[in-house]
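If you want the building blocks of each chain, they are given just below.
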Amino acid sequence: MIYLLSGPPGSGKGTQSDMLVQSMQFKKLSTGDALRAAAKMGTEVGRQAEALMARGELVPDFVLFEIVKAALRDFGTARVVLDGYPRTQQQAHDLETLQAEFPVAMFILLRIGDREIVARIAGRRVCSQCQAVYHVQSRPPRQAGVCDACGAALEQRSDDMDEKIARRLQVYRKETEPLLDFYAQRQLLREIDAAQAEGAVFVRLQALIGEGGDA
Ligand code: AP5
């Protein structure tokens, strides 16, 4: 079964999907992490993706579909959370072509207002080595600027600067928000108030997964 975790930039998709991996043995694919890893490796796809991501634009649908198909086949029969996929109508249709093999259990929207988004993204720090995610206020590392897990330096993502946040939000509204109707029509849409603390959001997420009969 596949669980789709969606929401605007900074809504907590990465944080919550990591908690599903740690507490509920989910397999996770974050398409943003996969693209950043490809960029770091310097592959052709990675180089093209890096330029688009730095501008806050989406990477082409066919690139994402290849990444998603490969990961799902790798994960086999495990419960899977897709963090940040699909993000366009085309991606939703692409995923539907795999429905027989990889059925979607629900599309979960992390709903949050713009002001909180900006505060979360501006305060986010990411480990330059292991990609662990922190926040200067809500999840500070033990030592400022240093990753608790591996000791490497923390940094800000290049797309987390003010002007890029505005563009990412615009793209989200135009390309990804229409998916709410798409999944509502299929009775797969669920929502969580993501402005709550991490733990409260996770309690609600676990409850939704339980209601789906797949806990
Ligand atoms: P991606 O990396 O997915 O970025 P995003 O969607 O903009 O989401 P973020 O990673 O910014 O935020 P998040 O929701 O994961 O929040 P987080 O948990 O980190 O994608 C980057 C780019 O890749 C895209 O712009 C695009 O170019 C490309 N891309 C990716 N997928 C694509 C696709 N399918 N198609 C095309 N292109 C694609 O939390 C944010 C901060 O808040 C953290 O500091 C965290 O500690 C803190 N926080 C989290 N939860 C809480 C809470 N409840 N209370 C207080 N603080 C919290």
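None of these values were measured; they are calculated from a predicted model.

**Comments concerning the nonpolar core**
Counting residues in hydrophobic clusters, the biggest one holds 31 residues, and the most contacted among them are L4, V59, L72, L82, L95 and Y183. Those elements giving two or more residues to this core turn out to be β1 (2–6), α3 (44–54), α4 (61–75), β3 (80–83), α5 (89–96), β4 (104–111) and α8 (179–185). In terms of residue count, α4 provides more of this core than any other element does, 7 residues in total. Residues contacting V59, with those up to four places away along its chain left out, are L35, A49, L52, M53, L64 and Q91. Grouped together as the second largest cluster of nonpolar side chains are 23 residues, F26, I117, L169 and L205 included.

**Observations concerning the pattern of salt bridges**
Working definition: two side chains of opposite charge can pair if their charged atoms are close together. If you walk through the whole model with that rule in mind, you get 18 salt bridges. Among the salt bridges present, the one from R36 reaches D33, with a minimum N-O distance of 2.8 Å. Here the residue R36 and the residue D33 both occupy positions in helix α2 (residues 31–41), the gap between them amounting to 3 residues, near one helical turn. A residue is classified by how much of its surface remains accessible, and R36, at 25% relative accessible area, is partly exposed. Classification of D33 by relative accessible area gives partly exposed; the value is 36%. Across the pair D159 and R168 runs a salt bridge whose closest N-O atoms are separated by 3.8 Å. You'll find D159 and R168 in the same group, each marked buried. Through salt bridges with shared partners, one network takes in R124, R157, D159, D160 and R168.

**With respect to the packing of aromatic side chains**
Counted under the stated rule, the structure contains 3 aromatic pairs. Summarising the aromatic geometry, the rings of F107 and Y183 are spaced 4.5 Å apart at their centres and angled 10° between planes, so their arrangement reads as stacked. With F107 in strand β4 and Y183 in helix α8, this residue pair connects regions lying 76 residues apart in the sequence. Across this residue pair, the class does not change: F107 and Y183 are buried. Residues F182 and Y183 carry aromatic rings whose centres are separated by 4.9 Å and whose planes lie at 70° to one another, so their mutual orientation is edge-to-face. Like F182, the residue Y183 is buried in the burial classification. An aromatic cluster of at least three residues, connected via ring pairs, comprises F107, F182 and Y183.

**Points about the pairing of β3**
Burial along β3 is two-sided: the face carrying V80 and L82 and the face carrying V81 and D83 are both buried. With 4 bridges connecting them, β1 and β3 associate as parallel partners. What sits directly across from L4, in β3, is L82. Across 4 bridges, strand β2 (residues 27–30) lies against β3 in parallel orientation. Within β3, the position partnered with L29 by the bridge is L82.

Definitions and cut-offs
Residues numbered from 1 in each chain as written. Predicted model: local features only at pLDDT ≥ 70, side-chain atom pairs only at ≥ 80, totals over all residues. Heavy atoms only, no water. Core = buried A, V, L, I, M, F, W, Y, C linked by side-chain atoms within 4.5 Å. Buried < 20%, exposed > 50% of the residue type's maximum accessible area, 1.4 Å probe, protein only. Helix = DSSP H or I, 4+ residues; strand = E, 2+ residues; numbered from the N terminus. Contact = heavy atoms within 4.5 Å. Salt bridge = Lys/Arg side-chain N within 4 Å of Asp/Glu carboxyl O. Phe/Tyr/Trp six-rings, centres within 6.5 Å; stacked < 30°, edge-to-face > 60°. Pairing = 2+ DSSP bridges.

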